[in-house]
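Tertiary structure, described
One letter stands for each residue in the lines below.
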Amino acid sequence: MSELSKKARNRTRVQMVLTMLVIVSIIRQFFLGNYHNMFLGILTLILFMVPQFIDRKLGVTIPVGLETVILIFIFSAEILGEINAFYVKIPVWDTILHTTNGFLMAAIGFALIDLFNRSDRFSIKMSPYFVAFFAFCFSMTVGVLWEFFEFSMDWFFGLDMQKDWIVPAINSVKLNPTGANIPIHVDVQSVVINGETWNLGGYLDIGIVDTMKDLMVNFVGAVVFSAIGILYLKHRGKGKLAASLIPQVRDTDAETSEK
């Protein structure tokens, strides 16, 4: 059995295991009467089919390594994060997923620009650094749009997608009695809300810290993949790590001639 066949079998096994876990979760949520989480489980199964749809319909081969990361990311975000509340139980869970998202979005951006770069229809050939820079910008743009979405859901529907943080101190020029542009530092021990004292050890931030943290780790994921992309383009066809993570555009003419 070839190495490629072994990798394909491993991918199939991973997908089967994750699919079975999702189905079990859907059944469990049904008997618990939690139909919202049941819908999230069904949505997860639909999202599991996206890589195969892209592979078949768009002529892009998604490597085994990247598809496995995508499937695990979807499962971790929806089933573990949302349904099993890992976002609340494990404080770094959101950070891990946003870092992974930055990585994955950079991979998609890289594949898109590399498609044009390798096409005979375009006379301009872009350097590996420009292709990697585009992938980085694409990832960061998607990250910003996602933060817009989180803010909109919190603002209009009263959710808490932008998780709150406890901020122990304030540094603000608004507190300077002289009106000078010099921030005044104030340690916050407690706050009073509607006459009730909250001893939180600070004030309740309403999302700005979470948003900036998410964008920073998205930045890290995008930079890591962009660096891998540069190495891949400079040594195309070499390097198992890059080849297992970067989508490939199939040669449709070659496939047609073989048939």
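The structure we're discussing is the one just above.
First things first, this report covers the structure right here in the doc. Keep in mind that what you see is a predicted model, and the values were worked out from it rather than measured. (Residues numbered from 1 in each chain as written. Predicted model: local features only at pLDDT ≥ 70, side-chain atom pairs only at ≥ 80, totals over all residues. Heavy atoms only, no water.)

**Description of the layout of surface pockets**
Keep this limit in mind: Of the two site types, the cavity is a set of points on a 1 Å grid over the protein atoms alone where a 1.4 Å probe fits but cannot get out, and the pocket is an open set with protein on both sides within 12 Å along at least five of seven lines, each lined by residues with an atom within 4 Å of a point. Grid points are joined across faces, edges and corners, and a volume is the space filled by probe spheres set on the points. Only DSSP runs of H or I with at least four residues qualify as helices, and only runs of E with at least two residues qualify as strands; both kinds are numbered from the N terminus onward. Under this grouping Gly is polar, as are all residues other than the nonpolar Ala, Val, Leu, Ile, Met, Phe, Trp, Tyr, Cys and Pro and the charged Asp, Glu, Lys and Arg.
The space that makes up the largest pocket amounts to roughly 1400 Å³. Within the residue set of the lining of the largest pocket, elements represented by two or more residues are α2 (35-48), α3 (50-57), α4 (64-83), α6 (93-118) and α7 (128-157). For the lining of the largest pocket, the element with the most residues is α6, which contributes ten residues. Partitioning the lining of the largest pocket into residue classes produces 31 nonpolar, five polar and seven charged.

**Describing the packing of aromatic side chains**
Formally: Note on aromatic pairs: the rings of Phe, Tyr and Trp (six-membered ring only in Trp) are paired at centre separations within 6.5 Å, and the planes decide the class, stacked below 30 degrees, edge-to-face beyond 60, tilted for the rest. The rule is simple: take the accessible area with a 1.4 Å probe, protein chains only, and divide by the maximum for that residue type; under 20% is buried, over 50% is exposed, in between is partly exposed.
Enumeration over the complete set of coordinates arrives at ten aromatic pairs. Measuring from centroid to centroid gives 5.1 Å for Phe103 and Phe225, while their planes differ by 90 degrees, and the two rings are edge-to-face. Of this pair, Phe103 sits in helix α6 while Phe225 sits in helix α8 (residues 208-234), placing them 122 residues apart in sequence. Using a relative accessible area of 0% as the deciding quantity, one classes Phe225 as buried. Residues Trp146 and Phe149 carry aromatic rings whose centres are separated by 4.9 Å and whose planes lie at 35 degrees to one another, so their mutual orientation is tilted. Residue Trp146 and its partner Phe149 are both found in helix α7; the two are separated by three residues, about one turn of the helix. For Phe149, a relative accessible area of 36% translates into the label partly exposed. Here the aromatic cluster, defined as three or more aromatic residues joined through ring pairs, consists of Phe103, Phe110, Phe225 and Tyr232.

Keep in mind these numbers describe shape, not what the thing actually does.
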